[in-house]
Amino acid sequence: AVVSTQSTGHYYITNNLRLVCVYRSPTSALSNVADFCTDLDDYMEELIQLPGKLIIAGDFNIHVEDLYDSNTSKLTRVLNRYGLRQHVTSPTHIGGGILDLILTRENVSDSVDISDIGILKTVTSSDHFLVTFSCIFPHQLSQERIPKTGRKLKDIDRNLFRCYIWHHHMHNYTFVLAT
């Protein structure tokens with residue numbers, strides 16, 4: 001996965017906060033961890049230079065709770081290099097493990113106060129729990145135009161996407177209706 005185009009959306013909320021959403025496919029053919037960490041390192045090298053508060057959140061599909069796992073070590077090296085703190089401490093996957101992360105800068109002057117982290121089971125077919133959190137940060141409205149980058153949703157072939165989801169994910173679940 002190429003972090004800057006395939007795995008993340010980079011959204012500027014205000015001059016003072018940047019929110020980055022990350023997704024790494026669990027399928028190694030689509031995104032092996034070594035390549036992901038290299039891409040993340042390159043992306044962070046540019047992103048960390050920008051001023052303001054930073055929140056990175058998403059599905060990394062790396063078991064960060066397993067400190068002896070080589071994939072966790074690779075990711076931890078990147079996070080440490082850029083002074084990032086991981087906030088999620090409870091399992092976020094139905095099979096156990098912390099795969100969904102909330103990251104902020106450790107530097108006190110640039111940190112965001114993350115609180116009330118919730119891990120909620122949902123009624124969707126996802127094998128991940130919903131991760132919620134609260135944050136407080138000072139902000140000011142600005143007249144400055146701020147660039148936004150991300151995926152062009154209009155360019156997605158819906159039929160191809162629907163087919164991918166159906167063939168790669170839906171056949172792996174058993175649905176039970178509770179009454």
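Reading the values: rules and limits
Residues numbered from 1 in each chain as written. Predicted model: local features only at pLDDT ≥ 70, side-chain atom pairs only at ≥ 80, totals over all residues. Heavy atoms only, no water. Helix = DSSP H or I, 4+ residues; strand = E, 2+ residues; numbered from the N terminus. Contact = heavy atoms within 4.5 Å. Areas by Shrake-Rupley, 256 points an atom, 1.4 Å probe, with all protein chains shown as cover. Core = buried A, V, L, I, M, F, W, Y, C linked by side-chain atoms within 4.5 Å. Buried < 20%, exposed > 50% of the residue type's maximum accessible area, 1.4 Å probe, protein only. Polar contact = N/O pair within 3.5 Å; in protein donor to acceptor, adjacent residues only side chain to side chain. Salt bridge = Lys/Arg side-chain N within 4 Å of Asp/Glu carboxyl O. Axes fitted to C-alpha atoms, helices over the stretch in contact; angles between N-to-C directions. Parallel < 35°, antiparallel > 145°, perpendicular 65-115°, else oblique. pLDDT = per-residue confidence, 0-100. Expected span 1.5 Å × (residues − 1). Arc of directions from axis to C-beta.

**Student:** Just to check I follow, could you spell out the overall build of the protein for this structure?
**Tutor:** Helices and strands together make up the secondary structure of the protein, namely four helices and seven strands. Reading the protein from its N terminus to its C terminus gives the helix and strand order α-β-β-α-β-α-β-β-β-β-α. A fraction of 62% describes how many contacts in the protein between residues 6 or more apart in sequence connect residues 24 or more apart. Summed over all atoms, the accessible surface of the protein reaches about 11800 Å², with 55% contributed by carbon and sulfur.

**Student:** I'm lost on the nonpolar core in this one. Help?
**Tutor:** Met44, Ile56, Phe60 and Leu75 are the most contacted members of the largest nonpolar core, which totals 28 residues. Every element with two or more residues in this core is listed here: strand 2 (17-23), helix 2 (33-47), strand 3 (53-59), helix 3 (70-81) and strand 5 (100-105). Among the elements that take part in this core, helix 2 stands out by supplying seven residues, more than any other.

**Student:** How do you make sense of the side chain of Arg105 when you look at a structure like this?
**Tutor:** Along the polypeptide, Arg105 turns up in strand 5. We classify Arg105 as buried; its relative accessible area is 8%. A distance of 3.0 Å separates a polar atom in the side chain of Arg105 from the backbone oxygen of Leu50. Non-local contacts of Arg105, meaning those with residues more than four positions away in its chain, are made with Leu47, Ile48, Leu50, Gly52, Leu54, Gly83, Leu84, Asp110 and Ser111.

**Student:** What is the right way to look at the side chain of His87 in this model?
**Tutor:** With respect to the secondary-structure elements, His87 resides in the loop between strand 4 (84-86) and strand 5. A relative accessible area of 9% places His87 in the buried class. A distance of 3.5 Å separates a polar atom in the side chain of His87 from a polar atom in the side chain of Arg85. Leave out the neighbours within four places in its chain, and His87 touches Ile102, Leu103, Thr104, Ile114 and Ile117.

**Student:** Before we go on, may I ask you to explain the pattern of salt bridges in this structure?
**Tutor:** Should the charged atoms of two oppositely charged side chains come close, the side chains can pair. Counting across every chain of the model gives two salt bridges. Of the charged contacts, one joins Asp41 and Arg81 as a salt bridge, the two residues approaching to 2.7 Å between their closest N and O atoms. With a gap of 40 residues between them, Asp41 in helix 2 and Arg81 in helix 3 connect regions that are remote in the sequence. The class of Arg81 is exposed, set by a relative accessible area of 51%. A salt bridge links Arg81 to Glu45; the nearest nitrogen and oxygen atoms lie 4.0 Å apart.

**Student:** Explain the packing of helix 2 against helix 3 to me, please; I cannot follow it from the model alone.
**Tutor:** Packed helix pairs are characterised by how far apart their axes lie and by the angle those axes make with each other. For the pair helix 2 and helix 3, interaxial distance at closest approach is 10 Å and the crossing angle is 5°. The orientation of helix 2 relative to helix 3 falls into the category roughly parallel. Facing helix 2, whose interface residues are Val33, Ala34, Cys37, Leu40, Asp41 and Glu45, helix 3 presents Asn71, Lys74, Leu75, Val78 and Arg81.

**Student:** Honestly, unusual backbone geometry in this entry has me stumped. Any pointers?
**Tutor:** A negative phi holds for most residues other than glycine; trans holds for most peptide bonds. Despite not being glycine, Asn61 shows a phi value in the positive range, around 50°. Owing to a relative accessible area of 14%, Asn61 belongs among the buried residues under this scheme. Phi is positive for Asp116, which is not a glycine, with a value near 50°.

**Student:** Looking at this structure, I do not really get the confidence of the model for the protein. What am I missing?
**Tutor:** Low-pLDDT portions of the prediction should not be read for the details of their coordinates. Here the protein shows a mean pLDDT of 80. Residues at 70 or above account for 74%. Predicted confidence for residues 1-8 stays below pLDDT 50, and this span has 25 contacts to residues more than four positions away or in other chains.

**Student:** Just checking my understanding: could you explain helix 3 for this structure?
**Tutor:** Here helix 3 is 12 residues long and its end C-alpha atoms lie 17 Å apart, about the 16 Å a rise of 1.5 Å per residue gives. When we look at burial in helix 3, the residues that qualify are Thr72, Leu75, Val78 and Leu79. Taken down its axis, helix 3 places every buried residue within 130° of arc, on the same side. Away from the buried face of helix 3 by more than 90 degrees, exposed residues Arg77, Asn80 and Arg81 are located. Its buried side turned inward, helix 3 meets helix 2, strand 4 and strand 5. Backbone nitrogen of Asn71 and a side-chain oxygen of the N-cap are separated by 2.9 Å at the start of helix 3; the cap is Asp69. The first or second residue beyond helix 3 is Gly83, which carries a positive phi of 65°.

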